[in-house]
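Remarks on the overall topology
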Amino acid sequence: MTDTAGYFITGTDTGIGKTVVTLGLMQHLQDLGLSVAAMKPVATGCERTPTGLRNADALQLQTQASMSLDYEHVNPYAFAAPIAPQLAAAEAGSRIDIAVIQQGMLQLAGQADRVCVEGIGGWQVPLNDTETVAELAVMLDLDVILVVGLRLGCLNHALLTAQSIEASGARQAGWVANCPAAGTEHLDKNIKTLESRLPAPLLGTVPLLPFPDAKEVAACLAPVFS
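What comes next is a walk through the structure. (Residues numbered from 1 in each chain as written. Predicted model: local features only at pLDDT ≥ 70, side-chain atom pairs only at ≥ 80, totals over all residues. Heavy atoms only, no water.)

Moving on, we come to the overall build of the protein. If you tally the helices and strands in the protein, you get 9 helices and 10 strands. Taken over the C-alpha atoms alone, the protein extends approximately 45 × 35 × 35 Å along its principal axes. Per-residue burial for the protein yields a buried fraction of 49% across its 226 residues. Sequence-distant contacts in the protein: of pairs separated by 6 or more residues, those separated by 24 or more amount to 75%. Of the accessible surface of the protein, which amounts to about 10300 Å², a share of 53% is contributed by carbon and sulfur atoms. (Helix = DSSP H or I, 4+ residues; strand = E, 2+ residues; numbered from the N terminus. Buried < 20%, exposed > 50% of the residue type's maximum accessible area, 1.4 Å probe, protein only. Contact = heavy atoms within 4.5 Å. Areas by Shrake-Rupley, 256 points an atom, 1.4 Å probe, with all protein chains shown as cover.)

This part takes up the packing of helix α1 (residues 18-31) against helix α2 (residues 56-64). Following both chains from N to C, one finds α1 and α2 inclined at 5 degrees, their axes separated by 10 Å at the closest point. The orientation of α1 relative to α2 falls into the category roughly parallel. Along the contact surface, α1 presents Thr 19, Thr 22, Leu 23, Met 26, Gln 27 and Gln 30, while α2 presents Asp 57, Gln 60, Leu 61 and Gln 64. By residue class, the composition of the contact of α1 with α2 is 3 nonpolar, 6 polar and 1 charged. (Axes fitted to C-alpha atoms, helices over the stretch in contact; angles between N-to-C directions. Parallel < 35°, antiparallel > 145°, perpendicular 65-115°, else oblique. Nonpolar A, V, L, I, M, F, W, Y, C, P; charged D, E, K, R; others polar.)

Even without being a glycine, Asp 141 presents a positive backbone phi close to 60 degrees. Within the element layout of this structure, Asp 141 appears in the loop between α6 (133-140) and β8 (143-149).

We now examine the sheet that holds strand β10 (residues 202-206). Whether parallel or antiparallel, the strands of a sheet pair through hydrogen bonds between backbone atoms. Strand order in this open sheet of 6 strands is β2-β7-β1-β8-β9-β10, and the pairing throughout is parallel. Edge positions in the sheet fall to β2 (36-39) and β10, since each has one partner strand and no second. When the angles between neighbouring strand axes are averaged without regard to direction, this sheet yields 20 degrees. Here strand β1 (residues 6-11) runs beside β8; their pairing, made up of 5 bridges, is parallel. Considered in β8, the bridge of Phe 8 is made with Val 144. On the sheet, helix α5 (residues 98-109) packs against β2 and β7 (114-118) and is oriented at approximately 165 degrees with respect to β2. (Pairing = 2+ DSSP bridges.)

It is worth spelling out the pattern of salt bridges at this point. Tallied over the full model, the rule gives 5 salt bridges. The salt bridge partner of Arg 151 is Asp 13, with a shortest N-O separation of 3.2 Å. With Arg 151 in the loop between β8 and α7 (154-168) and Asp 13 in the loop between β1 and α1, this residue pair connects regions lying 138 residues apart in the sequence. Take Arg 151: its relative accessible area is 32%, and that puts it in the partly exposed class. Two residues, Asp 141 and Arg 171, come together in a salt bridge whose shortest N-O distance is 2.8 Å. Residue Asp 141 is found in the loop between α6 and β8, and its partner Arg 171 is found in the loop between α7 and β9 (172-178); the two are separated by 30 residues along the sequence. Relative accessible area serves as the criterion here: at 48%, Asp 141 is assigned to the partly exposed category. Within the structure, one salt-bridge network assembled from shared partners comprises Asp 141, Asp 143 and Arg 171. (Salt bridge = Lys/Arg side-chain N within 4 Å of Asp/Glu carboxyl O.)

As structure tokens, then:
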């Protein structure tokens, strides 16, 4: 494992298992004796609750963290509309400021050995008029882990995303193959193709799990990170 302040977890698309992998990574780091904090800086499609807007993925990260964290520290930008973040922010009369997210991450880094930050959507999703998830990840200066959803089109999506990560100057720690749905064909062939073409190592393969939990996913990553 590299000596890093933490990891930025991005994906080839939305709904491909970033949260599942982030929770597993947190569990594995905790099993190694490290304290871990987490962020999902931007979330859309949040539910209105008596305590404010809440996102199910962010709540899981908050629970998995090694210390008690206020929800607003885990998810500083929460929006109700289930649409792209830039549009959701505009609809709410807000603007996502990645410098604010950086300050929040640095505060968490002062409380934990590692910080795991889960992005939203894919690598080039716009966050405001001029900046994307890519600019956020570069500003946070964390090692990037790419979650590849093993489904039709994954080869193109993974290779283009990895190319964009490399062009941004961000450090690529590796990638995780995740099977988010049943019926995906040629899994082994797709994984081998990506292993031969992606510039960073395969960190683990997460099979289709009926009820995935952090410990199950951590076991898929442990051989790589031990």
